[in-house]
Structures are given as structure tokens and as C-alpha cells.
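Chain residues, written in single-letter form:
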Amino acid sequence: MILVGVEMDQEIFEKNYTMSSLHKAIKVLKAFTKDEPSLSLTELSKKTGISISSLQRFVSTFVYEGFLHKDERTKRYQLGHSLLYLGNLVKEESSLIIVAEPILKKLNEEIGESVSMNIIDGLERRCILNYDSTYPLSTKMFVGDTSPLYAGASSKALLAFMSNAEDYIGSIELELISDKTILSKEQLWEELLQIRKQRFAKSRSERVRGACSLSAPILNASEQIIASVSLVIPEVRYNDYNEDYLIHTIQSVGLEIEKQLF
């Protein structure tokens, strides 16, 4: 597995194509999550590694432009309405979201289980569209959620078709997320090859204990990965379904989105 090329490409990219201050500003915005929607200046500093003095300049600009909101009573910051406006523009203009929404919503209504769409964001899987299960017992997924690319069906369906997947595996440390997480790089690579061959991935409790997942890729005309679509079903209910039917269904959904996109 080749690692040197990846490190060199990243080093050249950071040296020649990134602006340090802009990179830091983006880190500030990405520090806010579903679990931590409100952060103090000290918490932001700890999460981003940026000094308090530098942070004060960033957040003051963001507050002025509407990208952050400051609660003057608590002195804590939240994402502002300007981001909501831009996010809505992206959603409205994104052909992927526009095409996928009705297809995934229909699948969710027909089966009643959690359905999501995910993309590669840096070196992570990020959820960009989700419909929750209609059952009381379900596995929750939220838009914006991230996870490593090496664990879970939705992640591995992305990684299997990533052009530099082998280099990625060579450069990362596989960490235990659950007792079912694959920690052998050789085993992971063999599974990715199988996923490419069969055009679907499945997992049981690899990332979330008690959750079973089936996922299929969405590819462009050049067979490059665009996104993955997934069904997530609690293990206690998984055997109520015919697995071949579920696999065929999620593959068909992926292909239907591809057909409408390209």
C-alpha cells in the first residue's frame, strides 16, 4: 500500500493551495456539532487549537457577517442564520439532493426503516439526507453526522469506490468503535474488493451496537463515487425481512438515483 504519495500530495496542497487564516476560520465553523451547538470562546479554542486572541478576531467577523450568533448573556456562540440561508441554497440547487429526496422518502414510507444518504467529507462519512424509522425502536441518524470511512455499511460503500482507497487504508489507524469493528487492514481491503464486485455493503454492529445496515453506492458516468444510500434496521427486527429483498431494494434505489442524475 502506497503512503508516501498521499503524504506528499497533502503537503504540496497545504503549502501551495491553502490560506492558513481561511483554513482556521473553517475549523471554527466546523467545531459546532449536533451535540455541541453552543460553544464558549475557551471551548472553541480547545476544539480548534486556535489561540483565544486569534479566535476573538474570527468570531467577531463571523458575528458581524451573521455566520455566528453570540448570546450576550452567556457569552456563548452558535451558528448564525447566514449559514442557514446558504445551506438552503445548496439544498435547493443540489441536483443530488433534489433527485434523491423523493426516492428515499418513498423507500422510507414503504419499509418504515431509517433511510439515509451519505458522502465523503475529507476522510469521513457525512450524512446529508435522512428519514427516520417509523418504528418506536430505531437507530437515529442526523444530517451532519460523521463517522470513519472504515466502519459501517454506509461508510464502506463509499470507501470501496474511492479512487485512493488503498492509500487511505495504508495511512490510517483502525480504531475499535464496537466489538465488531474490523481492525485488520488486510481483511478490510478484501471486504472492499467484494463490495466493489457486488455493489452493496452490509454490516452488523460495526459502529452502533444492535444496528444492521445495508448500503449501495451512487456512481457517476465514470464509475466514481458520488454518495451512498443506506437502510438501517435494528438487529432485533432485521431477521423479519428477506435479506435478498433488502439488498435488491437498496441497490435499485442507488441505480434509480444514478439514472436520474446522469
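Before reading further, recall that the structure is shown in the block above.
Visitor: Could you give me a rundown of the environment of Glu 113, with the residues and numbers involved?
Guide: Along the chain, the position of Glu 113 falls in the loop between helix H6 (95-111) and strand S4 (114-121). As a C-alpha pair, Glu 113 and Pro 234 span 121 residues in sequence and 8.9 Å in three-dimensional space. One polar contact links Glu 113 to Arg 237, side chain to side chain, over a distance of 2.8 Å.

Visitor: Would you mind going over the sheet that holds strand S1 (residues 39-40) in detail, with residue names and values included?
Guide: Strand order in this open sheet of 3 strands is S1-S3-S2, and the pairing throughout is antiparallel. The open sheet has two free edges, formed respectively by S1 and strand S2 (68-71), since each of these has just one partner strand. Across 2 bridges, S1 lies against strand S3 (residues 76-79) in antiparallel orientation. Bridge pairing in S3 places Leu 39 opposite Tyr 77.

Visitor: Describe in detail the pattern of salt bridges, supporting the description with residues and values.
Guide: Counted according to the given criterion, the structure contains 11 salt bridges. The residue Lys 75 makes a salt bridge to Glu 72 at a minimum N-O spacing of 3.4 Å. For Lys 75, a relative accessible area of 46% corresponds to the partly exposed category. A salt bridge links Glu 206 to Lys 156, with the nearest nitrogen and oxygen atoms 2.6 Å apart. Here Glu 206 is found in the loop between strand S7 (201-204) and strand S8 (211-219), whereas its partner Lys 156 is found in helix H7 (residues 153-159), with 50 residues between them in sequence. Just as Glu 206 is buried, Lys 156 falls in that class too. Salt bridges sharing common partners tie together Lys 30, Asp 121 and Arg 126.

Calculation criteria
- Residues numbered from 1 in each chain as written.
- Predicted model: local features only at pLDDT ≥ 70, side-chain atom pairs only at ≥ 80, totals over all residues.
- Heavy atoms only, no water.
- Helix = DSSP H or I, 4+ residues; strand = E, 2+ residues; numbered from the N terminus.
- Polar contact = N/O pair within 3.5 Å; in protein donor to acceptor, adjacent residues only side chain to side chain.
- Pairing = 2+ DSSP bridges.
- Salt bridge = Lys/Arg side-chain N within 4 Å of Asp/Glu carboxyl O.
- Buried < 20%, exposed > 50% of the residue type's maximum accessible area, 1.4 Å probe, protein only.

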